[in-house]
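What the coordinates show
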Amino acid sequence: MVNGAGRVPRVAVVGCSWFARAAHLPALRQLSEEGRVEVVALCSRTQPSLLEAQRVLGREVPTYTDYAALLANEHVDAVDLVLPTPLMDAAVRQALLAGKHVISEKPCAATVARCSELLAAYGSLPGDRSWSVAENWPFKPAVVAIQNILKARSLGAIESIDFRYQSAGWGGGQSWRASAEYRGGFLLDSAVHFVSLLRLLGGGIAEVSAQVGWHPEAHVADRAFADLVYENGARGRFTVDFTQPPSAQDPYQLVVKCTAGTLKANFTHSQLLVESGGKEQLFGVPDDPWVAGGVYPMLRHWCEALTKGVEPSCTPMEGLKDVAVIEAMIESGRVGRPVAPAVLHRQLNGCGIQIQAYAGLSRFKPQHLVNATSVADVRTALREAASRGLKVRPMGVGNNWTRYAHTSGVAINVTGLSGIQGIDRQRKTVRAAAGTRMADITRALAAQGLSLPSLPFLTDGTIGGMVATATHGTSPRWGTVSDAVVGMTLATASGDLLVLDERSDADLMRAARVSVGLLGIVTEVELQAVDMKWARNVRIDISPEDFVRMQAVIFNQYEHVWVHWVLGKPQLIVQCLETSPGPQEGFSPYVQNDAGNWVLAYHHAVPLRPTADTVMLSMQYGVALPRLAEALQVIGASPFAAQHAGREIELKFLKQSPASFLGPNADADVVLFNTYWPTERAAVDRTFDDLERMLQALDGRPHWGKFHQAPRVDELARIYPHWGRFDAVRRQLDPTGMFSIFD
């Protein structure tokens, strides 16, 4: 998605009703003053509303009463559509066809069917423009605070999520909201906000059992009483009634009961109440009014995404899922039985944007993009892909340098499958959804006095991606993150879930620990942690020859070892972490800032100086540790080393582990040669060719998540002795090759 090389978007506001003037225009005015957006036009049916909108905006801009004329303005990059829902479909289509980026007020459309039609049309358009749905509740400061409280897990695991809202006075004169053609009525117009909140907290809504009331004159839905089953296993009650005044006895609309306490929220007064351990804490949330709360941060996020050329999080698919829950309530009330919202819509709806790989290193546009926020989304997408014979690849935050992470078929983004599912302090294990960031897992474990044995340097990657690619830290006593996996759930090509643990078939478990996305979509992992140690940094300057000679002594004394080899320099810089089971003078906890307690520094003797024409490129190969001296000699004496004198190659270390088939340390202790250099974008494919050939000649194994030339099957069979056993599992779980990167 391209808006311009870092240029802020030029936005036109279409629709200048009371809500635009109360929420959107004040937010855009502030963003304009901050230099994050340029408001270049206003469009409305009437001149009085345009004049009032200009007053709120604080300056004069060109105005239009003709929408088509506005869209013809080449100085407009994007439109903010604040229109009645019945008008939204056509307005979105027109803007996208005109090549504009779009953000449209919720709901996505009046029905699931119309949402799906609009999504399909959007996904089939050529070019690269984005469409977002303006659902502000996930951005409300109170909602963000609620997420942070629950994420900290001081209240324990969520058991139930209830929501109640009452508001009399809507009446029958609410124009289009009371139209019989708009069956969702007041539920779809307002309660869709509440559904968005509940889906966010519950990881999705799996099932609803509801009774729905209808306005006696307008015959539209104006109240719903529903039992909910959430994707995270919690249950709850949803009571929304637009015929009754608010309750004075219980002012809290949201009640989240957890294993160690309760969180309540009053959104009309921006107050949160936390009950835990027999104590209550009440606090207010500033800058979060009932109507406009969340609109400014939502529009800021949208503008920044357009400037950076990435997809905003407020996707139309999320809007469709909100509509599907309301529609499921209506359908459940009609048929008198539970309804799963996911069955009301399809997951494959095209892809309207280009997806960026690491730092824009490459871009690709799959036929379909699925931003999964629940396991049900993943399973439905896989079944739809299977029925159409489409290839599927998982994706996360975009930290993978490899080209074969791309697909022209279906890309399933699992970053929405996020959250710590549980920590077993006695077993010292943690369960997390696949899209959970490593930083969040590390932080949650640290709060329990635990950590993974050896932490990777990358903290913003997803745990599913890290496990699939054998991401690691550096320790001669420990292996990769994948080696710490004691349980895992995979969604396979059939859409079924495969739950694995240490009692499962040994080959299945070994294949799944490092699968490179070839077996299915990882949805959840369970990791073995250890008691957190204390550590201190020690630096040793030593020649390569002496390091090889003293390697066993160094490894015996230090639990974590990280070597910096500056090409052309006579000595290595060896960073070590000396560890202790408890506090000592000069030691601090192993976990610092959600990562290992390293003094982070690169030692390039030439400046890094990344520019717009360069990208930080990382390539890594693992070589059997007994060949360390040979590797240092071969690389050090090469023309590559002379050409890149002053550049740094990092050496990291892993202990052999039989836990996987495709880990770099699957059958030997290894040393990993890693580059992380600014590289000319035009030279990415050839910069490390010579180094790669040298490492391959040493029987090196590539890091599955870093830059390397895609290996051939015969090459994999040569460097991984158990490739045949892995491939047998792959063919068993994926007989049609849905996840294959080889054909």
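Provided above is the structure to which this section pertains.
Residues numbered from 1 in each chain as written. Predicted model: local features only at pLDDT ≥ 70, side-chain atom pairs only at ≥ 80, totals over all residues. Heavy atoms only, no water.

In this section: empty space enclosed by the protein. Applying the stated rule across the entire model yields three cavities of 30 Å³ or more. What lines the largest cavity is a set of 15 residues, and nearest its centre among them are Leu-119, Met-317, Gly-350, Leu-369 and Asn-371. Every element with two or more residues in the lining of the largest cavity is listed here: α5 (112-123), α9 (316-335) and β17 (368-371). (1 Å grid on protein atoms, 1.4 Å probe; cavity = no way out; pocket = protein on both sides within 12 Å on 5 of 7 lines; lining within 4 Å. Points joined across faces, edges and corners; volume = space filled by probe spheres on them. Helix = DSSP H or I, 4+ residues; strand = E, 2+ residues; numbered from the N terminus.)

Moving on, we come to the nonpolar core. Most often, soluble globular proteins keep nonpolar side chains buried together rather than apart. Counting residues in each nonpolar core, the largest one holds 87 residues, and the members touching the most others are Val-79, Phe-238 and Leu-254. Among residues more than four places away in sequence, those in contact with Val-79 are Ala-12, Val-14, Tyr-67, Leu-70, Leu-71, Ala-95, His-101, Val-102, Ile-103 and Trp-302. Ranked by size, the runner-up nonpolar core spans 51 residues in total, among them Ile-420, Trp-598, Phe-661 and Val-729. (Core = buried A, V, L, I, M, F, W, Y, C linked by side-chain atoms within 4.5 Å. Buried < 20%, exposed > 50% of the residue type's maximum accessible area, 1.4 Å probe, protein only. Contact = heavy atoms within 4.5 Å.)

Okay, the sheet that holds strand β36 (residues 701-702) next. Across the sheet, eight strands lie side by side as β30-β27-β29-β28-β34-β35-β33-β36; this open sheet has antiparallel pairing. Two strands lie at the open edges of the sheet, namely β30 (588-589) and β36, each paired on one side alone. The sheet contact formed by strand β33 (residues 614-624) and strand β35 (residues 670-680) spans eleven bridges and is antiparallel. In the sheet register, Gly-622 faces β35, and the bridge partner there is Leu-672. Across the face of the sheet, helix α15 (residues 628-636) comes into contact with β28 (560-566), β33, β34 (648-654) and β35 while running at roughly 25° to β35. (Pairing = 2+ DSSP bridges. Axes fitted to C-alpha atoms, helices over the stretch in contact; angles between N-to-C directions.)

With the rule as written, the count across this model stands at 24 aromatic pairs. On the basis of an interplanar angle of 45° and a centroid distance of 4.5 Å, the ring pair of Phe-457 and Trp-562 is categorised as tilted. Remark: Trp-562 occurs in strand β28 and Phe-457 occurs in the loop between β22 (450-451) and α12 (463-468); sequence separation between them is 105 residues. The buried category is assigned to Trp-562, whose relative accessible area is 1%. Aromatic ring contacts, followed pair by pair, group Trp-137, Phe-163, Tyr-165, Phe-186, Phe-194, Phe-238, Phe-242, Phe-267 and Trp-290 into a single cluster. Taking the ring centre of Trp-137 as reference, the NZ or CZ of Lys-140 above it sits at 5.1 Å. (Phe/Tyr/Trp six-rings, centres within 6.5 Å; stacked < 30°, edge-to-face > 60°. Lys NZ or Arg CZ within 6 Å of the ring centre and 35° of its normal.)

Burial in helix α17 (residues 689-697) covers these residues: Leu-691, Glu-692, Met-694 and Leu-695. Projected onto a plane normal to the axis of α17, the buried residues spread over an arc of 160° and lie on a single side. Tucked inside the fold, the buried residues of α17 contact β33, α15, α16 (639-643), β34 and β35. A positive backbone phi angle near 60° is found at Asp-699, which sits one or two residues after α17. (Arc of directions from axis to C-beta.)

A few words now on unusual backbone geometry. With an omega of -5°, the peptide bond running from Lys-106 to Pro-107 counts as cis. The phi dihedral of Lys-428 falls on the positive side, at around 60°, and the residue is not glycine. As for its placement among the helices and strands, Lys-428 is situated in the loop between β20 (420-424) and β21 (429-433). Residue classification places Lys-428 among the partly exposed positions, given a relative accessible area of 25%. Of note in the backbone geometry, Asn-593 takes a positive phi value of approximately 55° without being a glycine.

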